[in-house]
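Chain and residue survey
The residues making up each chain are set out below.
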Amino acid sequence: MEKIIIALDGHAGCGKSTTAKAVAKELDYIFIDTGAMYRAVTYYFLSNNVDFSDAVEVENALKEISLKFVLNPSSGIGEIHINGENVEPFIRNMEITSRVSDVASIKAVRVFNVAEQQKMGKEKGIVMDGRDIGTVVFPNAELKIFMTADVTVRAKRRLVEMESKGVETSLEDVESDIRNRDHLDSTRKESPLKKADDAVVVDTSGLTINQQVESILKLAKNII
Ligand code: C5P
């Protein structure tokens, strides 16, 4: 069976990663959460006091970074490691979440991550979720999805997810973070978040995760 690339872009908190993970499992594809890569770089910069506004400091820091997804055999999920350290437990908190869009707007950071992502997709058979996968990373992806949902619905879902992971926050903070990140991600100069011309829009406001997964699998199976 032909292996394809599924590019899943869209707004913050609309269930992209959860959906992409399930679609990848169903197709026996590799799932790559590119947001985790931007979060891991942000974690490294903050932990090492890298001044984001200094291009030389950023370039030097990127030279020190090696990113890798390592499969956790008990969850079956690839966890992001930076220089051999599993940083997955540290990258989803509000501190990283509120700074990641600033780091992701830096051209050198994008060039670094996009090169890694393109290597990961060389053999196809991947579901990659992010903001610029269908527009920049894999503009020739066989299937492009653009996911969106009502912002309050997204905030409520994200709050439940964060609470289940023991992250303390409020609905107001989650909603304002989502609005802020969408704004920064859509208006930045480098690879802004936008729908690829040939992407299929999936509005998940009224859909369950199962319905989201099914709708994408249906589109994929029409191609494979
Ligand atoms: O997907 P997630 O919400 O974890 O992504 C965190 C942030 O990383 C986004 O808000 C965006 O600023 C950045 N990002 C990006 N390009 C990607 C994936 C994520 O700019 N391909």
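Residues numbered from 1 in each chain as written. Predicted model: local features only at pLDDT ≥ 70, side-chain atom pairs only at ≥ 80, totals over all residues. Heavy atoms only, no water.

A word on the sheet that holds strand β7 (residues 143-148)
- Pairing in this open sheet of five strands is parallel, and the strands run β2-β6-β1-β7-β8 from one edge to the other. The strands lining the two open edges of the sheet, one partner per strand, are β2 (30-33) and β8 (200-203). Strand-to-strand twist across the sheet, computed as the mean angle between neighbouring axes with direction ignored, equals 20°.
- Here strand β1 (residues 5-10) pairs with β7 via five bridges, running parallel. Residue Ile6 lies in a different strand from β7, and its bridge partner there is Leu143.
- Strands β1, β2, β6 (126-130) and β7 of the sheet are contacted by helix α1 (residues 16-27), whose axis makes an angle of about 175° with β6. (Pairing = 2+ DSSP bridges. Helix = DSSP H or I, 4+ residues; strand = E, 2+ residues; numbered from the N terminus. Axes fitted to C-alpha atoms, helices over the stretch in contact; angles between N-to-C directions. Contact = heavy atoms within 4.5 Å.)

Details of the packing of helix α7 (residues 151-164) against helix α8 (residues 171-187)
- Two elements in contact, α7 and α8, have axes separated by 9 Å at closest approach and are oriented at 120°. Classified by the angle their axes make, α7 and α8 are oblique. For the element pair α7 and α8, the recorded crossing hand is right-handed. In this structure, α7 uses Val151, Thr152, Arg154, Ala155, Lys156, Arg158, Leu159 and Met162 to contact α8, whose residues at the interface are Leu171, Val174, Glu175, Ile178, Arg179, Arg181 and Asp182.
- Residues belonging to the contact of α7 with α8 are distributed by class as follows: seven nonpolar, one polar and seven charged. (Parallel < 35°, antiparallel > 145°, perpendicular 65-115°, else oblique. Left-handed = near helix turned anticlockwise from the far one by under 90°. Nonpolar A, V, L, I, M, F, W, Y, C, P; charged D, E, K, R; others polar.)

A few points about the UniProt feature "binding site: ATP" (unreviewed entry) in the chain
- Taking the numbering used here, the UniProt-annotated feature "binding site: ATP" (unreviewed entry) corresponds to Gly10, His11, Ala12, Gly13, Cys14, Gly15, Lys16, Ser17 and Thr18.
- With respect to the helices and strands, the residue His11 is situated in the loop between β1 and α1.
- Non-local contacts of His11, meaning those with residues more than four positions away in its chain, are made with Lys16, Phe146, Met147, Thr148, Arg154, Asp182 and Leu193.
- Mapped onto the elements, Gly13 comes out in the loop between β1 and α1. (UniProt positions renumbered as here; feature names shortened; annotations may be inferred.)

Topic: helix α3 (residues 55-63)
- Residues of α3 that are buried: Val58, Ala61 and Leu62. For α3, the angular spread of the buried residues around the axis is 100°, confining them to a single face. Among the exposed residues of α3, those oriented more than 90 degrees off its buried face are Val56 and Lys63.
- Capping of α3 at its N-terminal end is provided by Asp54; its side-chain oxygen lies 2.9 Å from the backbone amide nitrogen of Val56. (Buried < 20%, exposed > 50% of the residue type's maximum accessible area, 1.4 Å probe, protein only. Arc of directions from axis to C-beta. Polar contact = N/O pair within 3.5 Å; in protein donor to acceptor, adjacent residues only side chain to side chain.)

Here's the deal with the sheet that holds strand β5 (residues 85-86)
- Read from one edge to the other, the open sheet built from three strands follows the order β3-β4-β5, with strand pairing classed as antiparallel. Where the open sheet ends on each side, the last strands, each with one partner, are β3 (67-72) and β5.
- Sheet topology places β3 next to strand β4 (residues 77-82); six bridges connect them, and they run antiparallel. Across the sheet, residue Phe69 finds its bridge partner in β4, namely Ile80.
- Across the sheet, helix α2 (residues 34-47) is in contact with β3, β4 and β5; its angle to β4 comes to roughly 30°.

Notes on the site of the ligand
- The full set close to the ligand counts 15 residues, and Arg39, Arg110, Asp132, Asp185 and Arg188 are the nearest of them.
- Thr34 places a polar side-chain atom, nitrogen or oxygen, 3.0 Å from a nitrogen atom of the ligand.
- Between Asp132 and the ligand, the recorded distance is 2.8 Å, taken from a side-chain N or O atom to a nitrogen atom.
- In isolation the ligand offers 450 Å² of accessible surface; the protein chains occlude 97% of this area.
- Contributing elements (two or more residues each) for the shell around the ligand: α2, α4 (94-104) and α8.
- Taken together, the residues of the shell around the ligand break down into four nonpolar, four polar and seven charged. (Near = heavy atom within 4 Å. Areas by Shrake-Rupley, 256 points an atom, 1.4 Å probe, with all protein chains shown as cover.)

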